[in-house]
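# Secondary and tertiary structure notes
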Amino acid sequence: MAFNDLSFLFIFFPAMVLLHALIPRPGKNILLLLGSLVFFSWGTPEYLFLLILMILFNYVSGLQLAAQKQAGDTVGAKRALIASVAVNLLLLGFFKYWGFLLENLNALFGSSFSARPLPMPIGVSFFTFSILSYLYDVYRDKAPAARNLLQFSLYVTFFPKLVSGPIVQYAAMEEQLKTRTPDRMLFGSGARLFLIGLSKKVLLANTLGTTFYGVTALPMDGISVVSAWLGAIAYALMLYFDFSGYSDMAIGLAQMFGFRFEKNFDYPYVSSSITEFWRRWHISLGSWFRDYVYIPLGGSRVSTGKIIRNLLVVWFLTGIWHGSSWNFIFWGLYYGLLLILEKFVLKNILEKVPGAIRHFVTLLLVLIGWVFFFSPSLGSAFLWLGRMFGIGASGFVDSTARYYLSSCFIVLVISVIGALPVCAKMGNSLLHGSKRSVYLSIVWYAALLMLCIAGMMVSTYSSFLYFQF
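Remember, predicted model here, so these are calculated numbers, not experimental data.

What counts and what doesn't
Residues numbered from 1 in each chain as written. Predicted model: local features only at pLDDT ≥ 70, side-chain atom pairs only at ≥ 80, totals over all residues. Heavy atoms only, no water. Disulfide = S-S within 2.5 Å. Buried < 20%, exposed > 50% of the residue type's maximum accessible area, 1.4 Å probe, protein only. Salt bridge = Lys/Arg side-chain N within 4 Å of Asp/Glu carboxyl O. Phe/Tyr/Trp six-rings, centres within 6.5 Å; stacked < 30°, edge-to-face > 60°. Helix = DSSP H or I, 4+ residues; strand = E, 2+ residues; numbered from the N terminus. Lys NZ or Arg CZ within 6 Å of the ring centre and 35° of its normal. Contact = heavy atoms within 4.5 Å. Axes fitted to C-alpha atoms, helices over the stretch in contact; angles between N-to-C directions. Parallel < 35°, antiparallel > 145°, perpendicular 65-115°, else oblique. Left-handed = near helix turned anticlockwise from the far one by under 90°. Nonpolar A, V, L, I, M, F, W, Y, C, P; charged D, E, K, R; others polar. pLDDT = per-residue confidence, 0-100.

To continue, consider the state of the cysteines. Applying the stated rule across the entire model yields 0 disulfides. Cys-423 supplies the cysteine sulfur nearest to Cys-408, a cysteine that is in no disulfide, at a spacing of 18 Å. Take Cys-408: its relative accessible area is 1%, and that puts it in the buried class. Free cysteine: Cys-423, not disulfide-bonded; nearest cysteine sulfur from Cys-452 at 14 Å. With a relative accessible area of 36%, Cys-423 lands in the partly exposed category.

Per the counting criterion, the structure on display carries 9 salt bridges. Residues Asp-266 and Lys-263 are paired through a salt bridge, measuring 3.3 Å at the closest nitrogen-oxygen approach. It is possible to trace a salt-bridge network through shared partners that takes in Lys-263, Asp-266, Glu-276 and Arg-280.

So, on to the packing of aromatic side chains. All told, the structure shown has 67 aromatic pairs when counted by the stated rule. Between the aromatic rings of Phe-212 and Phe-374, the centroid separation amounts to 5.0 Å while the plane-to-plane angle is 75 degrees, which identifies the pairing as edge-to-face. Taken together, the residues Phe-212 in helix 9 (residues 184-216) and Phe-374 in helix 16 (residues 355-374) connect sequence positions 162 residues apart. For the pair formed by Phe-212 and Phe-374, the shared burial category is buried. Seen in terms of ring centroids, Phe-277 and Trp-370 are 6.5 Å apart; in terms of plane orientation they differ by 65 degrees. Their pairing is edge-to-face. Placement of the pair is Phe-277 in helix 11 (residues 274-280) and Trp-370 in helix 16, with a sequence separation of 93 residues. Trp-370 sits in the buried class, given a relative accessible area of 0%. Positioned above the aromatic ring of Tyr-155, the side-chain terminus of Lys-161 is 4.7 Å from the ring centre.

Attention shifts here to helix 12 (residues 283-294). Counting buried positions over the 12 residues of helix 12 gives 9, a clear majority of the element. In this structure, the buried residues of helix 12 make contact with helix 5 (124-139) and helix 13 (304-322).

Here we take up the packing of helix 12 against helix 13. Across the interface, helix 12 lies against helix 13 with an axial gap of 11 Å and an inter-helix angle of 130 degrees. With respect to helix 13, the element helix 12 is oriented oblique. In terms of crossing hand, the pair formed by helix 12 and helix 13 is right-handed. From helix 12, Leu-285, Phe-289, Val-293 and Tyr-294 reach across to helix 13, where they touch Ile-307, Asn-310, Leu-311, Val-313, Val-314, Leu-317, Thr-318, Trp-321 and His-322. Tallied by class, the residues present in the contact of helix 12 with helix 13 amount to 10 nonpolar, 3 polar and no charged.

What follows is about the environment of Met-238. Relative to the helices and strands, Met-238 is located in helix 10 (residues 225-256). By relative accessible area, Met-238 is classed as buried at 3%. C-alpha separation for the pair Met-238 and Lys-201, spaced 37 residues apart in sequence, amounts to 8.4 Å.

The next point concerns the side chain of Thr-211. Relative to the elements of secondary structure, Thr-211 occurs in helix 9. Apart from the residues within four sequence positions on either side, Thr-211 is in contact with Leu-230, Ala-234, Tyr-404 and Cys-408.

One rule of thumb: low pLDDT means the predicted coordinates there are not for detailed reading. Summarising the model, the chain shows a mean pLDDT of 90, and 97% of its residues fall at 70 or more. Element-level pLDDT for the chain is lowest in helix 19 (residues 421-431), with a mean of 80, against a maximum mean of 96 in helix 11.

With that settled, the discussion passes to unusual backbone geometry. The backbone phi angle of Asp-141 is positive, close to 65 degrees, even though this residue is not glycine. When you line up the elements, Asp-141 lands in the loop between helix 5 and helix 6 (149-157). Despite not being glycine, Tyr-267 shows a phi value in the positive range, around 50 degrees. Inspection of the secondary structure puts Tyr-267 in the loop between helix 10 and helix 11. Taking the relative accessible area as the measure of exposure, Tyr-267 reaches 21% and is therefore partly exposed.

Take the environment of Asp-221 next. As for its placement among the helices and strands, Asp-221 is situated in the loop between helix 9 and helix 10. Taking C-alpha positions, Asp-221 is 6.9 Å from Gly-392, a pair spaced 171 residues apart along the chain.

Put into structure tokens, the structure is as follows:
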């Protein structure tokens with residue numbers, strides 16, 4: 001089940017909201033947990049028992065960690081942490097990387113190992129990282145061990161963040177699991193944010209996807225320079241509106257049930273450096289790698305050589321997290337090297353470069369990075385980049401490029417404007433600036449809802465891109 005699924009919008013979501021409003025406070029967490037398990041089972045019911053076992057294992061592991069820390073057994077606590085983390089990572093590795101491992105073993109040793117492909121549990125990367133943050137926070141006394149199994153289970157499975165995040169740390173959610181207070185203002189702001197996210201997905205990302213998938217379906221020897229650039233730009237905007245739209249919907253849903261989550265995107269395409277871009281893109285994942293990998297390795301308070309090592313480790317792992325293929329690993333190391341160049345080699349030079357040029361170069365480097373992200377292999381990524389810069393292209397522009405450009409031009413313009421903070425500022429001033437704007441706001445959000453429903457009914461279903469991760 002996805003947030004842009006009609007069954008979610010007209011069956012699951014209304015039922016959850018109604019029941020949550022009617023039942024007394026002690027039963028609200030039980031309702032949300034049961035609803036979250038149904039939400040998980042809708043996509044991969046065969047893994048429900050596995051999810052429950054993971055919850056029980058990590059609940060007991062957290063209690064054991066806390067008991068050993070309290071008893072002063074730091075060695076035992078460290079061993080327990082390593083063991084519990086290893087179990088979670090092995091499970092994640094089995095589902096995401098087993099086929100990739102066998103493929104590379106076969107290529108290396110000429111063997112013929114094979115494995116039957118298995119469906120991946122929905123959200124396995126996200127809820128595993130949530131669990132790992134919990135275990136580490138208990139170990140370093142940043143958060144207490146969960147004593148209430150119901151609250152811990154809801155933390156792991158809460159359906160708004162289950163499938164594609166944001167990755168909420170237990171310390172940030174622990175108190176809300178006990179004493180949150182839903183109110184009308186929070187519900188209203190959550191509903192508006194949900195509709196904005198739904199509009200990003202249905203009206204922009206899906207429309208841009210039509211162009212992107214059409215262009216990438218062309219034979220490689222028949223792609224012009226303009227087509228190649230159009231495909232890369234369409235993907236960059238599609239991925240942003242797809243994933244930021246999901247994040248808006250998830251955060252909005254959480255607000256409607258009384259939870260407050262931090263934003264996950266902050267207009268990344270206005271960035272003037274790669275460092276700034278990754279502070280604005282998928283903020284919760286970046287924070288996770290910073291808190292649980294980069295800082296434990298020493299962060300920036302070590303020698304230059306170790307800082308470089310730490311950055312490469314973080315970005316190698318970031319690449320692997322996104323997918324089990326060499327192009328994702330290359331993509332991660334690509335950004336690691338760019339950040340090293342920014343931090344150590346070009347720092348003094350970049351400070352003297354005009355902001356507009358730094359912004360242009362940043363967008364160019366990000367576009368190149370997305371080519372490695374969407375390509376099925378490293379070879380195809382380099383071929384696509386070659387077409388973008390005229391190598392092997394069928395010309396600068398052709399009739400196919402003109403067709404796709406004309407068909408998506410209006411959506412491209414709207415998307416570019418929508419990716420800028422000025423759009424949100426203008427919207428807030430028009431829709432929330434005065435008492436009269438209340439009526440305009442009602443009409444606007446009702447129109448967005450109607451357009452989204454129409455779009456969902458007439459178009460082919462399109463899942464969120466980050467579901468695959």
